[in-house]
Amino acid sequence: MPTVSLTSAPIRRLTLRDLTACADLSENRGWPREEHKWGFLLTAGRGYGIDDPEGGLVGACVVTDYGPRERPALGAIGMVLVAERHARQGIGRRMMRHVIEEMGTTPLTLHATPNGRPLYEELGFKVTGRAEMLRGHFVPDATETFMATRAATAEDLPAILRLDEEVFGTDRTHIVTRLPAFADQLRVAEKGGRITGYAAAWPNMDTHVVGPLIAQDTRTAEALIASLAAHTDRPLRTDIDVRHEELLVWAKDHGLASVAFNAVMTHGITELPGDWRRRFAPVTVAAG
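Residues numbered from 1 in each chain as written. Predicted model: local features only at pLDDT ≥ 70, side-chain atom pairs only at ≥ 80, totals over all residues. Heavy atoms only, no water.

Draft legend 1. Representation of the overall build of the protein chain within the structure. Across its full length, the protein chain carries ten helices and 13 strands. The C-alpha radius of gyration computed for the protein chain amounts to 19 Å, which stays within 12% of the reference 19 Å derived for 288 residues, consistent with globular compactness. Dimensions of the protein chain, computed from the C-alpha atoms along their principal axes, are close to 65 × 35 × 30 Å. Taking all contacts inside the protein chain whose residues are at least 6 apart in sequence as the whole, residues at least 24 apart take part in 72%. Element-wise, carbon and sulfur atoms account for 51% of the exposed surface of the protein chain, whose accessible area totals about 13200 Å². Averaging the positions of the 33 positive and the 37 negative side-chain charges in the protein chain gives two centres separated by 4 Å. (Helix = DSSP H or I, 4+ residues; strand = E, 2+ residues; numbered from the N terminus. Rg over C-alpha atoms; globule rule 2.2 N^0.38 Å. Contact = heavy atoms within 4.5 Å. Areas by Shrake-Rupley, 256 points an atom, 1.4 Å probe, with all protein chains shown as cover. Lys, Arg positive; Asp, Glu negative; His and termini not counted. Charge placed at Lys NZ, Arg CZ, Asp CG, Glu CD.)

This is how it looks when you write it as structure tokens:
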């Protein structure tokens, strides 16, 4: 198919019927298929894609809105992918411009790899933070004691939603209410009968991804990670805001190793809303 045709091919909304095509696209670019994550993003957010005349997708991306549906406070962009044989032909740029136009005045955020960062900067995104990806088998320290945590229950959901909105600075009900079905574990920390933190661990290929991770302080974050690790045999993976230096040192002392750094970028705002001091890790870098 001549490249010129793809420059005008329609960008359409993706649905769960496109799940296999999205996973195929991930695999085509050397990423894991991540069908579980694609399913979550296509239901909690909005997918955009360009069909390949020969089958499958030429490119795809997902936007997850936060805040009121009619006037979102923030849009998180992720899973920006273009098939290998159509790479470097302006398709990713075209999809991103389409999303920016669709979102209007809504501020945007994304996590950029070093390879993707120049395109996003060209489109007006600015680096406003960094996240460090860690991965490895958690090694507990027998001499260490933590505050108690427990599995979340349905009765905890209102309190979790209140805490999440306070920390993220905007309503994420459509994300948080999907966590019990999406995650293998959802745990809470409490103090004086009040929930002071919560964390999920969800399956992604051979790992359990820890996120979101919300906690009143570093010790609470450590307790939540340790409790999630105690209930899985898989390696953990997480993306920690680099400002949380103490947690990063602790995690590396317990078997997790640095894998990569991503730039946190924003468009239309100079920093993300909410309280970064209690926001340790996103649910996924593709959705914030």
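Having put the structure on the table, let's press on.
Draft legend 2. View of unusual backbone geometry. Here the residue pair glycine 211 and proline 212 is connected by a cis peptide bond, since its omega of 0° sits within 30 degrees of zero. In this fold, proline 212 is placed in strand E10 (residues 207-215). Located in the positive-phi region is glutamate 34, a residue other than glycine, with phi close to 50°. Topologically, glutamate 34 is positioned in the loop between helix H2 (19-28) and helix H3 (35-44). Owing to a relative accessible area of 6%, glutamate 34 belongs among the buried residues under this scheme. Phi at arginine 88 takes a positive value of approximately 60°, unusual for a residue other than glycine. (Buried < 20%, exposed > 50% of the residue type's maximum accessible area, 1.4 Å probe, protein only.)

Draft legend 3. Structural view of helix H6 (residues 157-168). Its twelve residues give H6 an end-to-end C-alpha distance of 16 Å, which sits within 8% of 16 Å, the value for a rise of 1.5 Å per residue. Here H6 has its buried residues at Ile160, Leu161, Leu163, Asp164, Val167 and Phe168. Seen end-on, H6 carries its buried residues on one side only, within an arc spanning 165°. Against helix H7 (173-176), strand E8 (185-191), strand E9 (194-204), E10 and strand E13 (279-281) lie the buried residues of H6. Note on H6: the residue one or two positions beyond its end, glycine 169, has a positive phi of about 75°. (Expected span 1.5 Å × (residues − 1). Arc of directions from axis to C-beta.)

Draft legend 4. Molecular detail of the nonpolar core. Counting 39 residues, the largest nonpolar core has Trp38, Phe40, Leu41, Leu57, Leu179, Tyr198 and Val283 as its most contacted members. Apart from residues lying up to four places away in sequence, leucine 179 is in contact with Leu186, Tyr198, Pro212 and Val283. One finds Tyr48, Val58, Ile100 and Leu110 within the second-largest nonpolar core, a separate group that totals 24 residues. (Core = buried A, V, L, I, M, F, W, Y, C linked by side-chain atoms within 4.5 Å.)

Draft legend 5. Broad picture of the pairing of strand E4 (residues 74-82). Judged by how many residues are buried, E4 sits mostly within the fold: eight of nine residues are covered. By the bridge criterion, seven bridges tie strand E3 (residues 57-66) to E4 in an arrangement that is antiparallel. Bridge assignment links threonine 64 to a residue of E4, and that residue is alanine 76. In this structure, E4 lies alongside strand E5 (residues 108-112), joined through three bridges in parallel fashion. Looking at E5, one finds that isoleucine 77 is bridged to leucine 110. Regarding topology, helix H4 (residues 91-103) serves as the crossover connection from E4 to the parallel E5, and that connection is right-handed. (Pairing = 2+ DSSP bridges. Right-handed = clockwise from strand over helix to strand, strands pointing away.)

Draft legend 6. Spatial organisation of the side chain of threonine 266. With respect to the helices and strands, the residue threonine 266 is situated in strand E12 (residues 257-267). Of note is the side chain of threonine 266, whose polar atom sits 2.8 Å from the backbone oxygen of isoleucine 269. With sequence-adjacent residues up to four places away left out, threonine 266 is seen in contact with Leu108, Thr109, Gly124, Phe125, Lys126, Thr128 and Leu272. (Polar contact = N/O pair within 3.5 Å; in protein donor to acceptor, adjacent residues only side chain to side chain.)

Draft legend 7. Quick peek at the layout of surface pockets. If you add up the space inside the largest pocket, you get close to 1200 Å³. What lines the largest pocket is a set of 34 residues, and nearest its centre among them are Trp31, Val80, Thr113, Gly116 and Tyr120. Per-element accounting of the lining of the largest pocket gives the leading share, six residues, to E4. In the lining of the largest pocket, the residues fall into 17 nonpolar, eleven polar and six charged. Computed from the structure, the second largest pocket encloses a volume of approximately 440 Å³. Along its surface, the second largest pocket is lined by 30 residues, and Asp241, Arg243, Val264, Leu272 and Arg279 are the ones closest to its centre. Mapped by element, the contributors of at least two residues to the lining of the second largest pocket are E4, E5, strand E6 (126-136), strand E11 (236-241) and E13. The biggest single contributor to the lining of the second largest pocket is E6, with four residues. (1 Å grid on protein atoms, 1.4 Å probe; cavity = no way out; pocket = protein on both sides within 12 Å on 5 of 7 lines; lining within 4 Å. Points joined across faces, edges and corners; volume = space filled by probe spheres on them. Nonpolar A, V, L, I, M, F, W, Y, C, P; charged D, E, K, R; others polar.)

Draft legend 8. Expanded view of empty space enclosed by the protein. Using the criterion set out here, one finds one cavity of 30 Å³ or more in the structure. Taken as a whole, the largest cavity spans an internal volume of roughly 40 Å³. As for the largest cavity, its lining consists of Phe138, Val210, Ile225, Leu236, Thr238, Trp250, Ala251 and Leu256. Its residues assigned to classes, the lining of the largest cavity comprises seven nonpolar, one polar and no charged.

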